[in-house]
Amino acid sequence: MELLTFDEDEASGTGRDKVHKFDFVPATFFISEDKKNVQLPEPKISMRFDSASYEKCKKGSIFTNTRNTLTYDRSNPAITETAQHIYDAQHHPENTVPAKAGKSVPGGPSAKPLHRIYYDTERRRQNRETARAVCQANWPNYSSQDKDCDEYPFSSTKEGAWKAQGNFSARALDKTDNQKAGSQLSNWYNDARILDGDAFYVQVK
């Protein structure tokens, strides 16, 4: 067993999140009976270190040669409505609002990814307002009926409603359900260390 320790200078990181990227290839040798060392082929491992102030842990690192995927489960009674909404948006966009011919909603495992936005608060606000206008048009006064306006792609993504050209879905859902699903998203952003601009996918079981 080997323990590798990496110590990075935070001040030298790039961008607002002080990002460092590092690639390494482990060297593993097989010693044969004739004392000849044979190096085994190993894949390159890529890592990223950051000091993003908006993450729960202010400093952290992740392996970057992975596919970031958030999973929602429709069988989870706490988030059934929200999970179903995302599933419908990904698989049956023709049955969602706003109506659009040839509607294609990104973010699914076989579609184009979503990209988190954190610093652009104006774009996040515009995403929310665009989706809420659709909810109000289809479910008038939904907020007085213990419902929230759920939107997919999320308002915290570049692919959100504002500039999606109709390729999004908005739906009035049970407030508790929607807020629990929102908490799951926020927790996943932290746990997976998804930074501003990072690509990710959403899978619904």
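Just so we're clear, the structure is a prediction, and the values are computed from it rather than from any experiment.

Analysis parameters
Residues numbered from 1 in each chain as written. Predicted model: local features only at pLDDT ≥ 70, side-chain atom pairs only at ≥ 80, totals over all residues. Heavy atoms only, no water. Helix = DSSP H or I, 4+ residues; strand = E, 2+ residues; numbered from the N terminus. Rg over C-alpha atoms; globule rule 2.2 N^0.38 Å. Buried < 20%, exposed > 50% of the residue type's maximum accessible area, 1.4 Å probe, protein only. Contact = heavy atoms within 4.5 Å. Areas by Shrake-Rupley, 256 points an atom, 1.4 Å probe, with all protein chains shown as cover. Lys, Arg positive; Asp, Glu negative; His and termini not counted. Charge placed at Lys NZ, Arg CZ, Asp CG, Glu CD. Pairing = 2+ DSSP bridges. Axes fitted to C-alpha atoms, helices over the stretch in contact; angles between N-to-C directions. Phe/Tyr/Trp six-rings, centres within 6.5 Å; stacked < 30°, edge-to-face > 60°. Patch = residues over 30% accessible without salt bridge, like charges linked within 9 Å, V, L, I, M, F, W, Y side chains within 5 Å. Salt bridge = Lys/Arg side-chain N within 4 Å of Asp/Glu carboxyl O.

## Side note on the overall build of the protein chain
Then comes step 1: Counting its regular elements, the protein chain contains three helices and 10 strands.
Then comes step 2: The helix and strand sequence of the protein chain, counted from the amino end, reads β-β-β-β-β-β-α-β-α-β-β-α-β.
Then comes step 3: Over its C-alpha trace the protein chain gives a radius of gyration of 21 Å, far above what one expects of a compact globule, namely 17 Å for 205 residues.
Then comes step 4: The C-alpha extent of the protein chain, read off along each of the three principal axes, is 80 × 40 × 30 Å.
Then comes step 5: In the protein chain, buried positions account for 40% of the 205 residues.
Then comes step 6: Contacts spanning at least 24 positions in sequence make up 68% of the contacts within the protein chain whose residues lie at least 6 apart.
Then comes step 7: Taken as a whole, the protein chain presents about 12200 Å² of accessible surface, with 49% of it coming from carbon and sulfur.
Then comes step 8: Each charge class in the protein chain can be summarised by its mean position, and for the 29 positive and 29 negative side chains these summaries are 4 Å apart.

## Details of the sheet that holds strand β6 (residues 69-72)
Then comes step 1: If you trace the three strands from one edge of the open sheet to the other, you get β6-β10-β7, paired in mixed fashion. Looking at which strands have only one partner, the edges of the open sheet turn out to be β6 and β7 (114-115).
Then comes step 2: Examined bridge by bridge, β7 and strand β10 (residues 199-204) share two bridges and lie antiparallel to one another. Along β10, the bridge assignment pairs H115 with A199.

## Focus: the sheet that holds strand β5 (residues 60-63)
Strands in a sheet are paired, the pairing made by backbone hydrogen bonds, and the direction either parallel or antiparallel.
Then comes step 1: Here three strands make up an open sheet; going across it, the order is β1-β4-β5 and the pairing antiparallel. Since the sheet does not close on itself, it has two edges, and those belong to β1 (20-24) and β5, each with one partner. Adjacent strand axes in the sheet meet at a mean angle of 20°, parallel and antiparallel pairs treated alike.
Then comes step 2: In the sheet, β1 pairs with strand β4 (residues 45-50) via five bridges, with the strands oriented antiparallel.

## Observations regarding the packing of aromatic side chains
Then comes step 1: Tallied over the full model, the rule gives eight aromatic pairs.
Then comes step 2: Where Y54 meets Y118, the ring centres are 3.9 Å apart and the plane angle is 20°; that geometry is what we call stacked. On the criterion of sequence distance, the pair formed by Y54 in the loop between β4 and β5 and Y118 in the loop between β7 and α2 (121-138) is long-range, its members being 64 residues apart.
Then comes step 3: Here the aromatic rings of W188 and F200 are separated by 5.4 Å at their centres, their planes lie at 55°, and the arrangement is tilted. Taken together, the residues W188 in helix α3 (residues 175-191) and F200 in strand β10 connect sequence positions 12 residues apart. The same class applies to W188 and to F200, which are both buried.
Then comes step 4: Members of the aromatic cluster, joined through ring pairs, are Y54, Y118 and Y119.

## Considering unusual backbone geometry
In most cases, non-glycine residues show a negative phi, while peptide bonds are predominantly trans.
Then comes step 1: With an omega of 5°, the peptide bond between V97 and P98 qualifies as cis.
Then comes step 2: Position of P98 among the secondary structure elements: in the loop between α1 (80-91) and β7.
Then comes step 3: Cis rather than trans, the peptide bond between Y152 and P153 has omega equal to 0°.
Then comes step 4: Here P153 lies in the loop between β8 (147-152) and β9 (169-174).
Then comes step 5: Notably, N141 is not glycine yet its phi reads approximately 60°, a positive angle.
Then comes step 6: Mapped onto the secondary structure, N141 falls in the loop between α2 and β8.
Then comes step 7: A positive phi angle, close to 60°, is found at D146, a residue other than glycine.
Then comes step 8: Along the chain, D146 falls in the loop between α2 and β8.
Then comes step 9: A relative accessible area of 55% places D146 in the exposed class.

## Some details on a nonpolar patch on the surface
Then comes step 1: Taken together, the side chains of F30, V38 and L40 make up a nonpolar region of the molecular surface, amounting to roughly 270 Å² of accessible area.
Then comes step 2: With respect to the secondary-structure elements, V38 resides in strand β3 (residues 37-40).
Then comes step 3: On the basis of relative accessibility, which here comes to 42%, the residue V38 falls in the partly exposed class.

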